[in-house]
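# Observations on the model geometry
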Amino acid sequence: MASAPLPLFYNGLEPLSSETHADWRVRQQDSAPFLVGQHAIPITTDEFPLVQRHMPIVFSVGDDAIPLALMGLNEGVNVFMGDDGKLTETNFYVPAYVRRYPYMLARLRPDAEELSLCFDPTSEALGAYDDGEPLFENGQPSQVTKAILDFAEQFEQAGARTQAFMNELREQELLMDGEVTIQIDDNQQPFVYRGFQMINEEKLAGLRGDQLRKMSQSGMLPLLYAHLFSLSLMREIFARQAQQNKVPQPQFG
């Protein structure tokens, strides 16, 4: 397991064990220091309707593209987080990928069929603390642990649906290199953002009726439009960066 690259935010993975962690407790976290300066967060298609109200949705580059919510337009910039690791917004949708951390379902061995509940041992959310909710009671997972497992399982299922969605996009060749140009005033050079993928609207409009109907029936079509509508929020993120003196830089992918 150590040989595989760890996902974003994770510094390590350790299986949660009723023996090793029998007396461990979970503490409620009121900040997410790991989110400070993270500009792109993986999301699932289940989240598109909620995410598109707050953040632009784009797709990463490369063959294994995934959907991303942009919390900033440049590396190292997150316009929704304070330096203290707390959200600066009260009415905001926090992606499930963030809420799942530090837990994750993972195969303990490459040949293992089942996934085990693991956690990042560098996280301060759980440990041999005197306060907090117990992870185990009489050697059995507590209600808290069951809820964590349930959430992690739902996330995996949403991940599988997202993978199927991305496969369909590739099959229909609907992804193209994205480019967003933001003009501030007439005298300045415009800011051009690249290095992401987006849906090709022309290709989408040119799909055959049966293909469109299939997408409409599977619920895929509204998700594509959620992504396309959300791109208008790029300007809002840009304005926030300027306001926070995190001077927006053109990103040339």
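The notes below deal with the structure included here.

Parameters and conventions
Residues numbered from 1 in each chain as written. Predicted model: local features only at pLDDT ≥ 70, side-chain atom pairs only at ≥ 80, totals over all residues. Heavy atoms only, no water. Helix = DSSP H or I, 4+ residues; strand = E, 2+ residues; numbered from the N terminus. Contact = heavy atoms within 4.5 Å. Areas by Shrake-Rupley, 256 points an atom, 1.4 Å probe, with all protein chains shown as cover. Pairing = 2+ DSSP bridges. Buried < 20%, exposed > 50% of the residue type's maximum accessible area, 1.4 Å probe, protein only. Arc of directions from axis to C-beta. Core = buried A, V, L, I, M, F, W, Y, C linked by side-chain atoms within 4.5 Å.

## A short note on the overall build of the chain
For the chain, the count of helices and strands is seven helices and 15 strands. Its C-alpha atoms put the chain at 65 × 50 × 35 Å along the principal axes. A separation of at least 24 residues holds for 71% of the contacts in the chain among residues at least 6 apart in sequence. As displayed, the chain offers around 14,200 Å² of accessible surface, 48% of which is attributable to carbon and sulfur atoms.

## A short note on the sheet that holds strand 8 (residues 126–127)
Ordered in space as 8-2-9, the three strands form an open sheet in which the pairing is antiparallel. A single partner strand is all that each edge strand has here, and the edge strands are strand 8 and strand 9 (133–134). As judged from the two bridges shared by strand 2 (residues 25–26) and strand 8, these two strands associate in the antiparallel manner. Bridging from a neighbouring strand, Val 26 pairs with Leu 126 of strand 8.

## Some remarks on unusual backbone geometry
Pro 102 follows Tyr 101 through a cis peptide bond whose omega is 10°. Within the fold, Pro 102 resides in the loop between helix 2 (96–100) and strand 6 (103–106). A positive phi angle, close to 85°, is found at Phe 9, a residue other than glycine. Counting through the fold element by element, Phe 9 comes out in the segment before strand 1 (14–15). Using a relative accessible area of 10% as the deciding quantity, one classes Phe 9 as buried. Notably, Asn 245 is not glycine yet its phi reads approximately 55°, a positive angle. For Asn 245, the position within the fold is in the segment after helix 7 (234–243). For Asn 245, a relative accessible area of 67% gives the class exposed.

## Some thoughts on the sheet that holds strand 1
Ordered in space as 1-7-6, the three strands form an open sheet in which the pairing is antiparallel. At either end of the open sheet lies a strand with only one pairing partner, and these are strand 1 and strand 6. As defined by bridge partners, strand 1 adjoins strand 7 (residues 116–119) across two bridges and the pair is classed as antiparallel. Within strand 7, the residue paired with Pro 15 across the bridge is Cys 118.

## Focus: helix 7
Within helix 7, the full set of buried residues consists of Met 234, Ile 237, Phe 238, Arg 240 and Gln 241. Take helix 7 and look down its axis: the buried residues cluster within an arc of 160°, on one side only. Backbone geometry just after helix 7 places Asn 245 at a positive phi near 55°.

## With respect to the environment of Phe 151
With respect to the element layout, Phe 151 can be found in helix 3 (residues 143–171). In this structure the C-alpha to C-alpha distance between Phe 151 and Arg 99, which are 52 residues apart in sequence, comes to 9.2 Å. Not counting residues within four places of it along the chain, the set of residues in contact with Phe 151 comprises Ala 96, Arg 99 and Arg 100.

## Some details on the nonpolar core
Among the nonpolar cores identified, the biggest contains 59 residues, and Phe 165, Leu 169, Ile 199, Leu 204 and Leu 224 are the most heavily contacted of them. Per element, the largest residue contribution to this core is six residues, and it comes from helix 6 (residues 220–230). Sequence-distant contacts of Leu 169, defined by excluding residues within four places in its chain, comprise Phe 59, Leu 174, Leu 175, Ile 199, Met 220 and Leu 224. Counting 12 residues, the second largest nonpolar core, distinct from the first, contains Val 26, Ala 125, Ile 148 and Ala 152.

## Re the side chain of His 227
Mapped onto the elements, His 227 comes out in helix 6. Under the relative-accessibility criterion, His 227 is labelled buried at 0%. Apart from residues lying up to four places away in sequence, His 227 is in contact with Phe 48, Ile 57, Val 58, Phe 59, Met 198 and Ile 199.

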